[in-house]
Amino acid sequence: MAGNVAADAGLRRDAIGLREVLFQSITAMAPAAAVAASIPSGAAFAGGSLPLAVLIALVACLFTASCVAELARELPAAGSVSTYAAQGLHPVVGFLVGWGYVFVEALVPPLLLLQLGFTTAGTLHQEWSSYPADLWWPWALAGAAIIAAAGYYGVRASARFGTVLGIFEVLVFLVFAVWLIGKAGGDNTLSVFGTSHTAEGYRGISGVFAGSVYTVLAFAGFEAAAPLAEETRDPRRTMHRAVLGAALGIGLFYVVTTYAMTVYLGPDRFARFGASGAASWEGVARASFGLFWVLVFLAVVNSAIANANACANVSTRTAYALARIRVLPRLFATLHPRHRSPIAGIAVQTVVAVGAVLGLGFGYDPVTAFLLLATVIVTVVIGVYIVANLACAGYFLRRRRELLKPVRHLLLPLLGIVAFVPALLTAAGLPVFDFVTELTAPVSYAGPIVAAWMAAGVVVLLVLMRRHPERISETARVHLDDPSPTDPAQSGAAHP
C-alpha cells in the first residue's frame, strides 16, 4: 500500500539542482573512458589531426544538443525523448522511441560493469601476475551493488554520488593534459587543427571526417539530464542549461585532452595511438609520470561506475514515465515511500545488469560482450538523436509556431540529422564509406537484436492501440503541467 501511495505522489520534486543534473549528463558521457578508449579509435584515420576531428564532432553534436535542450525547456518530463517525439511528431513515435530508449539505457550499466571488470582485472594482472586476468566478474558485481544502493536512496544521493565521481575523472585528465602540454614545450602547434597530419591512406579532409565519425560516439549521453526533469528545481531553465552545458563543456574537454596527447607524442606519429599499450593514455602515464598512471586508471574505473549510475537513473525514470501511463507494467511506477526512488525499476535494472554481465561475459568473454552491447546501444541512441532533431522541428512548427526560430528550430535539427547519419551507418557496420568495417559475429548480432526488440514494441503498440488507445496518447503528457501530482489514470488529457 505504501508503494502505491508513493507512486501516486510522484517522484520527489525539487530534489536536485543544476550542478547535479549537469553532472548527470557529464557522467553519462563517461569523459575519462571516452578520452582513454573511444576517442583514440579515430586516430587510425585522423592521425595527428585528431584534435580537428574532435572539434568537428563537437560542433556536430551541439546541433542535436541544442534541439534536445530546446525541447527539455518546453517539455520537462521524466519521459524525456519519448515525450518530445510524442509532442513533436506523433504519440505512436513517442511510444516507439520510449520503448527503444528504455531498452538500451538498461543495457548501459552492464556494458560499463563489463568494462569495470576487465579493466580492473587486466590492470591487477599486469601489476601482479599471480592475479588471474580472467577474474573480472567480482569487480563487475561490486559495481552493480554500488549502483543499486545509490539508486535505492533516491535521486539526491544518486546524483550527488555522480557529481563527486564526475569531478574526479575530469580533474585527473585535465591535470594530466596541462602536464602534457607543458612537457611538449616548443612542440605545441596549431597545425593539429589542420589536415596535414592525417593517417596514411586517409589523407586530407577524408581522414578528418572518418576520425570525427568515430569520435561522435564519445558524445552520447549529453541528454541524460532530461529524464530527471520532474525531480529538478526550476526544470525548464535547468534542463536547458544542463544539456547544452554538458555537451559544450565535455566537448571542449575532449578537444583539450586530445590536443595535449597529440602534441606530446608528436602529430606525425599519432596514427598508432590507441586504447592500450605504450601509445595510450595509461601507457604514457606509466612511462613518463611514474605513479600518476594509478590516477589515470582510477579515473577510468571511476568513469565506468559514474556512467553506469547515470544511465541507471535514465532507464528507471524512463520506465517509470511509461509505467505510470500503463504502457509498461504498473510495477515500474512503484516508488519507495520515503526516498521516492523507483525501487521496482531499480530492482529490475539490477537483475538485467547482473544477468547480462554474467550471461554474455561467460557466454563469450567480457570484451566481446562489451562490443556487442556497445553496438546495440549506439545504434539505437543515434537513431533516437535523429528522431529528437525531427521532433524539435515538428514541435515548434505544429505546437509553438509563435516561438519558432528558423535557424534554431529548423536549420540546426537538419544539420544534426546530417551529422548523425554517418555515425549511425558506422555504428551499424554498414560499409557505405570506405573507412567502415563490416561487423563480424557475435557483434553483428546487434542489428537483429535491435530489430527483434523494436518488432516486439510494434506488437505491444498494436495491442494497446486496439484496447487502450488513450495510453498511447498519454506519452505526450507533461506531468509537471498538472495542477497536482495525482494518479494519471484519474487526471486529464495530454499537454497540448
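Naming follows an unreviewed UniProt entry, where the protein chain appears as APC family permease of Streptomyces guryensis. Its UniProt record, at the heading Subcellular location (unreviewed entry), says of the protein chain: "Membrane".

Let's talk about the environment of arginine 408
Looking at the secondary structure, you find arginine 408 in helix 16 (residues 406–427). Judged by relative accessible area, which is 32%, arginine 408 ranks as partly exposed. Separated by 83 residues in the primary sequence, arginine 408 and isoleucine 325 have C-alpha atoms spaced 32 Å apart. Leaving out residues up to four positions away in the same chain, arginine 408 has contacts with Ser66, Glu70, Arg73 and Pro413.

A look at the UniProt feature "domain: Amino acid permease/ SLC12A" (unreviewed entry) in the protein chain
UniProt's entry tags residues 21–464 with the feature "domain: Amino acid permease/ SLC12A" (unreviewed entry), counted in the numbering of this structure. In this annotation, residues 21–464 is assigned 71% helix and 0% strand; the end-to-end C-alpha distance for the span is 33 Å.

Some words on helix 13 (residues 292–324)
With 33 residues, helix 13 ought to run about 48 Å at 1.5 Å a step, and its terminal C-alpha atoms sit 48 Å apart, in line with that. With respect to burial, helix 13 is a largely interior element, 30 of its 33 residues being buried. After helix 13 finishes, the residue arginine 326 shows a positive phi value of roughly 65°.

A closer look at the pattern of salt bridges
Scanning all chains against the criterion turns up 11 salt bridges. For glutamate 127, the salt bridge is made with arginine 286, and the minimal N-O distance between the two is 2.5 Å. Taken together, the positions of glutamate 127 in helix 7 (residues 91–127) and arginine 286 in helix 12 (residues 281–288) put the pair 159 residues apart, joining distant regions of the chain. Judged by its relative accessible area of 34%, glutamate 127 is partly exposed. With a shortest N-O distance of 3.1 Å, glutamate 282 and arginine 286 are connected by a salt bridge. With glutamate 282 and arginine 286 both in helix 12, this residue pair falls four residues apart, about one helical turn. Ionic contacts of the salt-bridge type, sharing partners, join the residues Arg19, Glu20 and Arg160 into one network.

Section: the nonpolar core
Side chains of nonpolar character tend, in soluble globular proteins, to be buried together. Counting residues in hydrophobic clusters, the biggest one holds 134 residues, and the most contacted among them are Phe173, Phe176 and Tyr254. By residue number, the principal contributor to this core is helix 15 (residues 366–398), which donates 18 residues. Setting aside chain neighbours within four positions, we find phenylalanine 173 in contact with Ala32, Val35, Ala36, Phe253, Thr257, Trp281, Val296, Ala299 and Val300.

Let's talk about the environment of glycine 394
Along the chain, the position of glycine 394 falls in helix 15. Through-space distance from the C-alpha of glycine 394 to that of alanine 78 is 20 Å; in sequence the pair is 316 residues apart.

Some points on the packing of helix 11 (residues 235–265) against helix 12
Direction vectors running N to C along helix 11 and helix 12 enclose 55°, while the axes themselves pass 12 Å from each other. What the angle tells us is that helix 11 and helix 12 run oblique. Judged by the twist between their axes, the crossing of helix 11 over helix 12 is left-handed. Residues Thr257, Met261, Tyr264 and Leu265 of helix 11 pack against Trp281, Val284 and Ser288 of helix 12. Across the contact of helix 11 with helix 12, the residue classes tally to five nonpolar, two polar and no charged.

Digging into the environment of valine 178
The topology assignment puts valine 178 in helix 9 (residues 155–184). Exposure remark for valine 178: the relative accessible area of 59% places this residue in the exposed category. Linking valine 178 and tryptophan 139, residues 39 residues apart in sequence, is a C-alpha distance of 31 Å.

What to know about the confidence of the model for the protein chain
When pLDDT is averaged along the protein chain, the result is 88; 95% of the residues meet or exceed 70. The low-confidence segment residues 484–496, where pLDDT is below 50, has 31 contacts with residues more than four positions distant or belonging to other chains.

Re a nonpolar patch on the surface
A contiguous nonpolar surface patch, about 420 Å² in accessible area, is contributed by Val407, Leu411, Leu414, Leu415 and Val418. Inspection of the secondary structure puts valine 407 in helix 16.

Observations regarding the packing of aromatic side chains
Within a pair of aromatic rings, the relevant descriptors are the distance that separates the centres and the angle that separates the planes. One pass over the full model with this rule turns up 23 aromatic pairs. Each ring, one from phenylalanine 173 and one from tryptophan 281, has its centre 5.2 Å from the other, and the planes form 65°; the classification is edge-to-face. A residue pair is termed long-range when its members are at least 10 positions apart, and phenylalanine 173 in helix 9 and tryptophan 281 in helix 12 qualify at 108 residues. The exposure classification of phenylalanine 173 matches that of tryptophan 281, with both residues buried. Seen in terms of ring centroids, tyrosine 395 and phenylalanine 396 are 5.1 Å apart; in terms of plane orientation they differ by 90°. Their pairing is edge-to-face. Like phenylalanine 396, tyrosine 395 is buried. For the cation-ring pair, arginine 286 lies above tryptophan 293, with the distance from its terminal atom to the ring centre recorded as 3.7 Å.

About the criteria used
Residues numbered from 1 in each chain as written. Predicted model: local features only at pLDDT ≥ 70, side-chain atom pairs only at ≥ 80, totals over all residues. Heavy atoms only, no water. UniProt positions renumbered as here; feature names shortened; annotations may be inferred. Helix = DSSP H or I, 4+ residues; strand = E, 2+ residues; numbered from the N terminus. Buried < 20%, exposed > 50% of the residue type's maximum accessible area, 1.4 Å probe, protein only. Contact = heavy atoms within 4.5 Å. Expected span 1.5 Å × (residues − 1). Salt bridge = Lys/Arg side-chain N within 4 Å of Asp/Glu carboxyl O. Core = buried A, V, L, I, M, F, W, Y, C linked by side-chain atoms within 4.5 Å. Axes fitted to C-alpha atoms, helices over the stretch in contact; angles between N-to-C directions. Parallel < 35°, antiparallel > 145°, perpendicular 65-115°, else oblique. Left-handed = near helix turned anticlockwise from the far one by under 90°. Nonpolar A, V, L, I, M, F, W, Y, C, P; charged D, E, K, R; others polar. pLDDT = per-residue confidence, 0-100. Patch = residues over 30% accessible without salt bridge, like charges linked within 9 Å, V, L, I, M, F, W, Y side chains within 5 Å. Areas by Shrake-Rupley, 256 points an atom, 1.4 Å probe, with all protein chains shown as cover. Phe/Tyr/Trp six-rings, centres within 6.5 Å; stacked < 30°, edge-to-face > 60°. Lys NZ or Arg CZ within 6 Å of the ring centre and 35° of its normal.

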